[in-house]
Amino acid sequence: MWGSPSDWAVIIIVALILFFGTNKIPELFRSMGRALGEFKKGRLEAEMEMQQMQQPSAVVAQQGDKVAELQKQIEELQKQLEQLKKQEAQTQKQQ
């Protein structure tokens, strides 16, 4: 019903020749190629920005894990310090 892609290509080329003439077609395709290149460049830049925006959130999550680990270590050290203080107090009472 709609035809194959090659049929559409022929129809589009004939229409371009009729509307723009044979002299303008190369210029038209050049400008379309430039526009496509700019579009791809913009898309890549947008993807890079999205990746950069996502990376800090991953870094923050890793830092959150490190903070929790450090807090656990601090608690353990505080417990050890309390035990040492108790032991020191007991040795002073015995003397």
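That block above? That's the structure.
Since the structure is predicted, the reported quantities are computational estimates derived from the model, not experimental observations.

### Some points on helix H1 (residues 5-20)
- When the terminal C-alpha atoms of H1 are compared, their 22 Å separation across 16 residues agrees well with the 22 Å that a helix rising 1.5 Å per residue should span.
- Just beyond H1, the residue with positive phi is Gly 21, at close to 85°.

### A look at the environment of Lys 86
- Tracing the backbone through its elements, the reader meets Lys 86 in helix H2 (residues 25-94).
- Accessibility expressed as a relative area gives 58% for Lys 86, which makes it exposed.
- Expressed as a C-alpha distance, the spacing of Lys 86 and Glu 76, which sit ten residues apart in the sequence, is 15 Å.

### As for the pattern of salt bridges
- Applying the stated criterion across every chain, the model contains one salt bridge.
- The residue Arg 43 makes a salt bridge to Glu 47 at a minimum N-O spacing of 3.9 Å. In this pair, Arg 43 and Glu 47 both sit in helix H2, four residues apart, roughly one turn of the helix.

Thresholds, definitions, all that
Residues numbered from 1 in each chain as written. Predicted model: local features only at pLDDT ≥ 70, side-chain atom pairs only at ≥ 80, totals over all residues. Heavy atoms only, no water. Helix = DSSP H or I, 4+ residues; strand = E, 2+ residues; numbered from the N terminus. Expected span 1.5 Å × (residues − 1). Buried < 20%, exposed > 50% of the residue type's maximum accessible area, 1.4 Å probe, protein only. Salt bridge = Lys/Arg side-chain N within 4 Å of Asp/Glu carboxyl O.

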